[in-house]
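Here is how the chains run, residue by residue.
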Amino acid sequence: MYMAWKEMKKNKARFLIVGAIVFLISLLTFIVSGLANGLSKDNVSLLKNMPEGTFYLSEESDESYTQSRIREGQLDEVSETFAFSIQMGAVKTASDTQQSVAFLTSSDTSLFPSVNAGEVILDSSLKEEGIAVGDKLSSPQFKGTFEVVDFTDDKRFNHSPVAFINDADFADMFRSEDYQIAYKAGANEEVEGLESFSEEEFLSSLPSYQAEQMTLTMIVWFLVVISGMLFTIFFYMMNVQKIGMYGILKALGIKTSALFRMIWSQMALITVSSLLASGSLSQVFQLIAPEAMPYHIPVGTIVQLSIVFIVVGFLGSTISGFQIRNMEPLKAIQQGDA
């Protein structure tokens, strides 16, 4: 550790440059991960806020909830189960301002609010658009009007606020009395004619969610790989420049394991300090980010990604140090003096 710190003090500029690069890459990784979490919450908070359970679609739906039809009586023998339907649409205010919403209706359940015919309960994000309790809303798909009777928090689907309506109004709007999705809290239970999905499997079946999360996840891991390559290249170049010094140290009886520990100590000091700075800044960014930006990164996610960065840095610095293991002191000294 002493040798590692002494060398870092001697070559401050080199180590500060690599530390700054690690800081920027890890900060970008944390921000992209925060956007992925935020977009996930903005996309399907309606489903993610439900307790752990099982989703069901009809077998002929080809894993698409829009093509699924739950027939009456299919769920009679399954306990703690309810069904619901979701369709995208829009509502208009008295001033003709149109807002995209996800209309939802369900059978009796404590998870979703109960709504009478002609009424609507909206996600609270629509308060920012000037909509208030008592307002009358129209819809291109509906002949009548909806009266806003209440708001509910954190209920969004497909990046749109959810609008809870009565099943009769839903059937009139979308010409279907069948529900699309069934849900059972707790353990999975096989139902004839229905295909079961865990929450993760059901979310993966949503095209917009899957494409969005796969893209952002790929970017995150690509940045992690870049950081590993950075460590490998940096320490390899450093080792090439220090071949003569390593030869002298080995000739003096310093073990190869001690040289590896020096490289690992330098990697750990650079990585940990950079991660502490970038992790703190990513949390500050969460406080100052615009409300319109769906950004959310829990401390647990930062810790997990930081562990990955440290492991990748360890591997990268170890690979770069393999040239030291088989180094012959005399040849190394001669090569360093050349």
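A short tour of the structure in this document, coming up. Quick caveat, the model's predicted, so the values are computed rather than measured.

### Some remarks on the nonpolar core
Right, on to step 1. Among the nonpolar cores identified, the biggest contains 27 residues, and Phe15, Phe30, Phe234, Phe235 and Ile270 are the most heavily contacted of them.
Right, on to step 2. Put simply, the parts of the chain that give this core at least two residues each are helix H2 (12-48), helix H5 (207-241), helix H7 (256-288) and helix H8 (299-320).
Right, on to step 3. Of the residues forming this core, the biggest block, nine residues, is contributed by H5.
Right, on to step 4. By size, the runner-up hydrophobic cluster in this structure holds 25 residues, among which are Leu46, Met50, Phe84 and Phe112.

### Focus on a nonpolar patch on the surface
Right, on to step 1. Taken together, the side chains of Val299, Val303, Ile307, Val311, Phe314 and Leu315 define a hydrophobic patch exposed on the protein surface, amounting to about 520 Å² of accessible area.
Right, on to step 2. Within the secondary structure layout, Val303 lies in helix H8.
Right, on to step 3. A residue is classified by how much of its surface remains accessible, and Val303, at 44% relative accessible area, is partly exposed.

### Regarding the packing of aromatic side chains
Right, on to step 1. In the structure shown here, the tally under the stated rule is 16 aromatic pairs.
Right, on to step 2. Relative to Phe146, the ring of Phe103 has its centre 6.2 Å away and its plane inclined at 35°; by these criteria the two rings are tilted. One end of the pair, Phe103, is in strand S3 (residues 98-106); the other, Phe146, is in strand S6 (residues 142-152), and 43 residues separate them in sequence. Grouping residues by exposure puts Phe103 and Phe146 together as buried.
Right, on to step 3. Between the aromatic rings of Phe103 and Phe174, the centroid separation amounts to 6.1 Å while the plane-to-plane angle is 55°, which identifies the pairing as tilted. Here Phe103, found in strand S3, pairs with Phe174, found in helix H3 (residues 167-174); they are 71 residues apart in sequence, far enough to count as distant. Of the two residues, Phe103 and Phe174, both sit in the buried class.

### A word on the pattern of salt bridges
Right, on to step 1. One pass over the structure, following the stated rule, counts two salt bridges.
Right, on to step 2. Here Lys136 and Glu147 are joined by a salt bridge, their closest N and O atoms 3.6 Å apart. Highlighted residues: Lys136 in strand S5 (residues 136-139) and Glu147 in strand S6, separated in sequence by 11 residues.
Right, on to step 3. On the accessibility criterion, Glu147 (31% relative accessible area) is partly exposed.

Here is what the cut-offs are and how they apply
Residues numbered from 1 in each chain as written. Predicted model: local features only at pLDDT ≥ 70, side-chain atom pairs only at ≥ 80, totals over all residues. Heavy atoms only, no water. Core = buried A, V, L, I, M, F, W, Y, C linked by side-chain atoms within 4.5 Å. Buried < 20%, exposed > 50% of the residue type's maximum accessible area, 1.4 Å probe, protein only. Helix = DSSP H or I, 4+ residues; strand = E, 2+ residues; numbered from the N terminus. Patch = residues over 30% accessible without salt bridge, like charges linked within 9 Å, V, L, I, M, F, W, Y side chains within 5 Å. Areas by Shrake-Rupley, 256 points an atom, 1.4 Å probe, with all protein chains shown as cover. Salt bridge = Lys/Arg side-chain N within 4 Å of Asp/Glu carboxyl O. Phe/Tyr/Trp six-rings, centres within 6.5 Å; stacked < 30°, edge-to-face > 60°.

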